[in-house]
Amino acid sequence: MKKPIIIDTDPGKDDAIALAMALYSEDIDIKLITTVAGNVSLKKVSYNALRLLKYLEREDIPIAMGACRPLINPYKDRFNEDASSIHGESGLGDFEFEEPEKEPLEINAIDAMREVILESEVKVTILALGPLTNLAILFKAFPEVKENIEEIIFMGGSINRGNLGVMTEFNIGTDPEAAKIVIDSGLKVTMVGLDIGNKARIFLKDLEELKDYNKSTRLTYSLFKDYKGMDKESAIKVYDSTAIAYLLKPDIFKLEYTYVDVELRGQYTLGCTIVDLDNRLEEKPNIYVCTDIDEDEFRKYFLDSLKNCI
Ligand code: RIB
Ligand code: CA
């Protein structure tokens, strides 16, 4: 039976490719996509989600708009930036999409998630690819939904260094308080952090070879051909796709059940994830953390998944 999932996202170039991989997986049934301010503004990420579903021919999936700013930090204040320097002003570079016909749902993301979760006959898995603001509000407003949630898998955090602050990863750093609420939710939570994405690199030459294979490979090449996040070996870190890969191919990951907390006060470390693999804090483990990935297996899976899309 297909696993019912909700994807909470802030597209974003890597979100876009992760969505394509999820949309055409035979193993999951995407019930709802919710949007959250992150890479770019809520308006832009929501427009991007609509454009992506139109382009990927899946306008059957509803989109609901969520939080336009983090719980506490006014959006784009602490680091005074969204991620448009990486993803482009639009959030999806300058790719030519057709205008979407569909609009987001009238109801907001929190109410939409509550409805989908409570109506599902099978416990729902939530895949979070952006700041965790929507999930935090959901758990505070409607804690009863936890009964029908299978697990939360989020792309975010870092065992080691950050990409927003010295030690702070973008999704968690944008809304640290929301991340703490999700990590302390008592649900089965799995963190797929930067450490994984920094290893699971895709090479531009792989994308160039596939660029005319289908619509999804054409989009992927276009989004990443001049990606600011590319390293000196022309390797691209497709962070959000590693979270989808964990959901669909967990056997290529190494996992540890450990204690994780979020720094909420540090002058330099606000929003960094404290992943206590050596149990120095002597706290009981609270979430699962991906600590390694088979890079070759991931690269093969990533490219095969894109070929399996339209
Ligand atoms: O730090 C990487 C994360 O921040 C990814 O989800 C990317 O899309 C941005 O949201
Ligand atoms: Ca994202």
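As a reminder, the structure under discussion sits directly above these lines.
The text that follows walks through the structure, step by step, so that each part is easy to find.

Cut-offs used in this document
Residues numbered from 1 in each chain as written. Chains lettered and ligands numbered in written order. Predicted model: local features only at pLDDT ≥ 70, side-chain atom pairs only at ≥ 80, totals over all residues. Heavy atoms only, no water. Salt bridge = Lys/Arg side-chain N within 4 Å of Asp/Glu carboxyl O. Helix = DSSP H or I, 4+ residues; strand = E, 2+ residues; numbered from the N terminus. Buried < 20%, exposed > 50% of the residue type's maximum accessible area, 1.4 Å probe, protein only. Pairing = 2+ DSSP bridges. Right-handed = clockwise from strand over helix to strand, strands pointing away. Core = buried A, V, L, I, M, F, W, Y, C linked by side-chain atoms within 4.5 Å. Contact = heavy atoms within 4.5 Å. Axes fitted to C-alpha atoms, helices over the stretch in contact; angles between N-to-C directions. Donors = N, O, S within 2.8 Å, 3.2 Å for Na, K, Ca; no water. Left-handed = near helix turned anticlockwise from the far one by under 90°. Phe/Tyr/Trp six-rings, centres within 6.5 Å; stacked < 30°, edge-to-face > 60°. Lys NZ or Arg CZ within 6 Å of the ring centre and 35° of its normal.

**Quick look at the pattern of salt bridges**
Logical step 1: Tallying each qualifying case throughout the model produces 15 salt bridges.
Logical step 2: Of the charged contacts, one joins D226 and K13 as a salt bridge, the two residues approaching to 3.9 Å between their closest N and O atoms. Of this pair, D226 sits in the loop between helix 10 (215-224) and strand 8 (235-237) while K13 sits in helix 1 (residues 13-23), and the two are 213 residues apart along the sequence.
Logical step 3: By relative accessible area, which is 43% here, D226 ends up partly exposed.

**Focus on the pairing of strand 2 (residues 28-35)**
Every other side chain in a regular strand lies on the same face of the sheet, so the side chains alternate between the two faces.
Logical step 1: The buried count for strand 2 comes to six of eight residues, which makes it a mostly enclosed element.
Logical step 2: Alignment of strand 1 (residues 3-9) against strand 2, held across seven bridges, turns out to be parallel. Residue pairing across strands places D8 opposite T34, the latter belonging to strand 2.
Logical step 3: Once the chain exits strand 1 it traverses helix 1 before rejoining the sheet at strand 2, and the crossover so formed is right-handed.

**Regarding the nonpolar core**
Logical step 1: Among the nonpolar cores identified, the biggest contains 61 residues, and I7, F253, F298 and F302 are the most heavily contacted of them.
Logical step 2: Tallying contributions element by element places helix 1 first for this core, with eight residues.
Logical step 3: If we skip the residues at most four places from it in the chain, F253 touches V192, I196, T242, A245, Y246, C290, D292 and I293.
Logical step 4: Formed by 35 residues, the second largest nonpolar core is a distinct cluster that contains A64, A112, V145 and I172.

**Quick look at the sheet that holds strand 2**
Logical step 1: The mixed open sheet is built from eight strands, whose spatial order is 3-2-1-4-5-6-12-9. Sheet topology places strand 3 (63-65) and strand 9 (253-258) at the edges, where each strand pairs with a single neighbour. Between one strand axis and the next, the sheet turns through 25 degrees on average, direction left out of account.

**Looking at the coordination of the calcium ion (ligand 2)**
Logical step 1: Protein-derived ligands of the calcium ion (ligand 2) are D10 (OD), D15 (OD), D15 (OD), L129 (O) and D240 (OD), with the metal-ligand distances lying across 2.2 to 2.6 Å.
Logical step 2: Going along the chain, you hit the donors of the calcium ion (ligand 2) in the pattern D-x4-D-x113-L-x110-D. With D10 in the loop between strand 1 and helix 1 and L129 in the loop between strand 4 (124-128) and helix 5 (133-141), this pair connects stretches of sequence that are 119 residues apart.
Logical step 3: On the basis of relative accessible area, D10 is assigned to the buried category, the value being 1%.
Logical step 4: Residue class for L129 comes out buried when judged on its relative accessible area of 0%.

**A word on the packing of helix 4 (residues 109-119) against helix 5**
Logical step 1: Between helix 4 and helix 5, whose axes approach to 9 Å, the crossing angle comes to 65 degrees. Where helix 4 crosses over helix 5, the two elements pack in a sense that is right-handed. The residues of helix 5 that touch helix 4, namely those facing A109, I110, M113, R114 and I117, are N134, L135, I137 and L138.

**Topic: the packing of aromatic side chains**
Logical step 1: Applying the stated criterion across every chain, the model contains six aromatic pairs.
Logical step 2: Ring geometry for F95 versus F97: centroids 4.8 Å apart, planes at 65 degrees, classification edge-to-face.
Logical step 3: The buried category is assigned to F95, whose relative accessible area is 13%.
Logical step 4: Look at F97 and you get buried, because its relative accessible area is 12%.
Logical step 5: For the ring pair F298 and F302, a centre distance of 5.9 Å and an interplane angle of 35 degrees mean the geometry is tilted. With F298 and F302 both in helix 12 (residues 295-307), this residue pair falls four residues apart, about one helical turn. Judged on exposure class, the residue F298 and its partner F302 are both buried.
Logical step 6: One Lys or Arg, K211, reaches over the ring of Y221 and ends 5.6 Å from the middle of that ring.
Logical step 7: Against the face of Y213 rests K307, its NZ or CZ located 5.9 Å from the ring centre.

**What about unusual backbone geometry?**
Logical step 1: Geometrically, the link from P11 to G12 is a cis peptide bond, its omega value of -25 degrees lying close to zero.
Logical step 2: Assignment of secondary structure puts G12 in the loop between strand 1 and helix 1.
Logical step 3: Residue N279 is not a glycine yet carries a positive backbone phi of 55 degrees.
Logical step 4: Tracing the backbone through its elements, the reader meets N279 in the loop between strand 11 (273-275) and strand 12 (287-293).
Logical step 5: On the accessibility criterion, N279 (42% relative accessible area) is partly exposed.
Logical step 6: Positive phi outside glycine occurs at E282, with the angle close to 55 degrees.
Logical step 7: Turning to its location among the elements, E282 is positioned in the loop between strand 11 and strand 12.

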